Amino acid sequence: MKPLKNKVSITLDSDIIESIKHLAEQDDRSFSQYINLVLKEYLTSRTDKDSEE
């Protein structure tokens, strides 16, 4: 079973949006999928970093 997803609304700078759109397209993902991926990777790296301290 896939994990449940929730809709959120965020405000981003237009240059960030354009960069994410470009990177998502290169990775053959939707804008939303790419943001989700980037946030997961960031949170994993933060969790790993915090456990080292």
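Our structure is the block above this text.
Heads up: these notes are all about the structure in this document. All residue numbers refer to positions counted from 1 along the written sequence of the respective chain. Residues qualify for local features only when their pLDDT is at least 70, as the model is predicted, and side-chain atom pairs are given and counted only at 80 or more; totals for whole chains, interfaces and linings, by contrast, use all residues. Hydrogens and waters are ignored; side-chain quantities use all the structure's heavy atoms.

### So, the packing of helix H1 (residues 14–26) against helix H2 (residues 31–52)
Angular values range over 0 to 180 degrees, each being the angle between N-to-C directions of two axes fitted as lines to C-alpha atoms, with helices fitted over their stretch in contact. Runs of H or I in DSSP of at least four residues are treated as helices and runs of E of at least two as strands, each being numbered from the N terminus. Relative orientation of the contacting elements H1 and H2 amounts to 95°, with a least axis distance of 9 Å. By the angle between their directions, the pair H1 and H2 is classed as roughly perpendicular. Together, Ile17, Ile20, Lys21, Leu23 and Ala24 of H1 and Phe31, Tyr34 and Ile35 of H2 make up the contact between the two elements. All amino acids are sorted into three groups, where Ala, Val, Leu, Ile, Met, Phe, Trp, Tyr, Cys and Pro are nonpolar, Asp, Glu, Lys and Arg are charged, and the leftover types, Gly among them, are polar. Each residue belonging to the contact of H1 with H2 can be placed in one class, and the counts come to seven nonpolar, no polar and one charged. Should an angle fall under 35 degrees it is taken as roughly parallel, and over 145 as roughly antiparallel, whereas 65 to 115 is taken as roughly perpendicular and any remaining angle as oblique. Throughout, a residue-residue contact means that at least one pair of heavy atoms, one from each residue, lies within 4.5 Å.

### Remarks on the pattern of salt bridges
Proximity of charged atoms lets side chains of opposite charge pair with each other. Salt bridges are defined as contacts in which a side-chain nitrogen from Lys or Arg sits within 4 Å of a carboxyl oxygen from Asp or Glu. Taken as a whole and judged by the stated rule, the model has one salt bridge. For the salt bridge of Arg29 with Asp27, the shortest nitrogen-to-oxygen distance reads 2.6 Å. Each residue's exposure class comes from its accessible area (1.4 Å probe, protein chains only) as a fraction of the maximum for that residue type: buried when under 20%, exposed when over 50%, partly exposed otherwise. Exposure remark for Arg29: the relative accessible area of 38% places this residue in the partly exposed category.

### With respect to the environment of Pro3
Structurally, the position occupied by Pro3 is in the segment before H1. Residues Pro3 and Glu18, 15 residues apart in the sequence, show an inter-C-alpha distance of 28 Å.

### Considering a nonpolar patch on the surface
Distance thresholds for patches are 9 Å for like charges and 5 Å for nonpolar side chains (Val, Leu, Ile, Met, Phe, Trp, Tyr), applied to residues having over 30% relative accessible area and no salt bridge. Here, Shrake-Rupley sampling with a 1.4 Å probe gives the accessible areas, and only protein chains in the shown set may cover a residue. A cluster of nonpolar side chains, namely Val8, Ile10, Leu12, Ile16 and Phe31, defines an oily patch on the protein surface of about 440 Å² accessible area. One can find Val8 in the segment before H1.

### Some details on unusual backbone geometry
Although it is not a glycine, Asp28 sits at a positive phi angle of roughly 55°. Looking at the element boundaries, Asp28 is found in the loop between H1 and H2.

### A look at H1
Given 3.6 residues to a turn, an α-helix orients residues that are three or four positions apart in the same direction. Under the 1.5 Å per step criterion, the end-to-end length of H1 is 19 Å for 13 residues, consistent within 8% with the ideal 18 Å. Looking one or two residues beyond H1, the residue adopting positive phi is Asp28, at roughly 55°. Take the number of residues in a helix, subtract one, and multiply by 1.5 Å to get its expected span.

None of the figures reported here should be taken as evidence of function without further support.
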